[in-house]
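Residue-level structure breakdown
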Amino acid sequence: MQFETWPGLTPYEQGVLRMEETLADVLAGGPEKVIFCEHAPVFTAGSSAEAGEVLNPGDIPVLTTGRGGKTTYHGPGQRVVYLVVRLEDRDIRAYIKRLQMWMVAVLADLGVKGEITDDVGVWVGEAKIAAIGVRVRKWVAYHGVALNVAPDLGAYARIRPCGLDKPVTSLAALGVVADMEAVDALLVKHAGLLLPPQSL
């Protein structure tokens, strides 16, 4: 598994194209990759998105995307992680659980108690701090997770995040000061949680 960081703000559509190039490489036998990036402001509607989830987009573009899930926001201050990895166990639900546990472990190192509920993602109390959206092609998973480090939370008021009427939070809103490099280091530290148990 290789780790890669895209510097600056990557336009969402460009990021998806680059991720799909990586997907084609992995499908051809290339190395699995975990990609860290930040996007310019955008609302994205996943394959389960419904009408009415975008309330008032204003000057933020709305794009349809192939990932699973509903409508969410990406923007500066949010660590987006694209994972292009083989699902050796062919268990999508177990993979999503591993993504959740990965986020929980990173949050714990930052002094935040992340929780897993019946709703996909990771929560702190009633507020979502990390969103998850995954797609699978020939048992290779792609897309991934978005962890709110210090984004503009006001953008979420323009949508129904993930189709839910629940608040969204961030590390900054919880009083945790952490830069992207520190967050990335923790994501790498706990990356072993992404592997199926039999691979450990």
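Each remark here, short or long, concerns the structure printed above.
The structure contained in this document is the topic of the report that follows. (Residues numbered from 1 in each chain as written. Predicted model: local features only at pLDDT ≥ 70, side-chain atom pairs only at ≥ 80, totals over all residues. Heavy atoms only, no water.)

**A word on the sheet that holds strand 6 (residues 78-86)**
- Spatially, 1-2-6-9-8-7 is the arrangement adopted by the six strands of the open sheet, whose pairing is mixed. Looking at strand neighbours, the two that pair on one side only are strand 1 (2-10) and strand 7 (122-124), the edges of this open sheet. The mean angle between the axes of side-by-side strands here comes to 15 degrees, regardless of whether they run parallel or antiparallel.
- In this sheet, strand 2 (residues 33-39) lies alongside strand 1 in parallel orientation, the contact comprising six bridges. Bridge pairing in strand 2 places glutamate 4 opposite isoleucine 35.
- Sitting on the sheet, helix 2 (residues 92-109) touches strand 2, strand 6, strand 7, strand 8 (127-137) and strand 9 (140-148), and the angle it makes with strand 8 is about 145 degrees. (Pairing = 2+ DSSP bridges. Helix = DSSP H or I, 4+ residues; strand = E, 2+ residues; numbered from the N terminus. Axes fitted to C-alpha atoms, helices over the stretch in contact; angles between N-to-C directions. Contact = heavy atoms within 4.5 Å.)

**A look at the pairing of strand 5 (residues 71-74)**
- On strand 5, burial covers both faces: Thr71 and Tyr73 on one face and Thr72 and His74 on the other are all buried.
- Here strand 3 (residues 42-45) runs beside strand 5; their pairing, made up of four bridges, is antiparallel. From the neighbouring strand, phenylalanine 43 faces strand 5, where its bridge partner is tyrosine 73. (Buried < 20%, exposed > 50% of the residue type's maximum accessible area, 1.4 Å probe, protein only.)

**Brief notes about the sheet that holds strand 3**
- Strand order in the open sheet formed by three strands is 4-3-5, with mixed pairing between adjacent strands. Strands at the two margins of the open sheet, each flanked by one partner only, are strand 4 (62-64) and strand 5. Averaged over all pairs of adjacent strands, the angle between their axes in this sheet comes to 30 degrees, without regard to strand direction.
- Two strands pair when backbone bridges link them, and strand 3 and strand 4 are joined in this way by three bridges, in the parallel orientation. In the sheet register, phenylalanine 43 faces strand 4, and the bridge partner there is valine 62.

**Thoughts on the nonpolar core**
- The biggest cluster of nonpolar side chains holds 33 residues, and the ones touching the most others in it are Leu83, Leu99 and Trp102.
- At the level of elements, strand 2, strand 6, helix 2, strand 7, strand 8, strand 9 and helix 3 (180-189) are the ones that each hand at least two residues to this core.
- No other element matches helix 2, which puts seven residues into this core.
- Within the second largest apolar cluster, 15 residues are counted, among which are Met19, Val42, Tyr82 and Tyr142. (Core = buried A, V, L, I, M, F, W, Y, C linked by side-chain atoms within 4.5 Å.)

**A word on helix 3**
- Within helix 3, burial applies to Met180, Val183, Asp184, Leu186 and Leu187. Seen from one end, helix 3 has its buried residues packed into an arc of 160 degrees, which puts them on one side. In helix 3, the exposed positions angled more than 90 degrees off the buried face are occupied by Glu181 and Lys189.
- Looking at the buried side of helix 3, the elements it contacts are strand 1, strand 2, strand 6, helix 2 and strand 9. (Arc of directions from axis to C-beta.)

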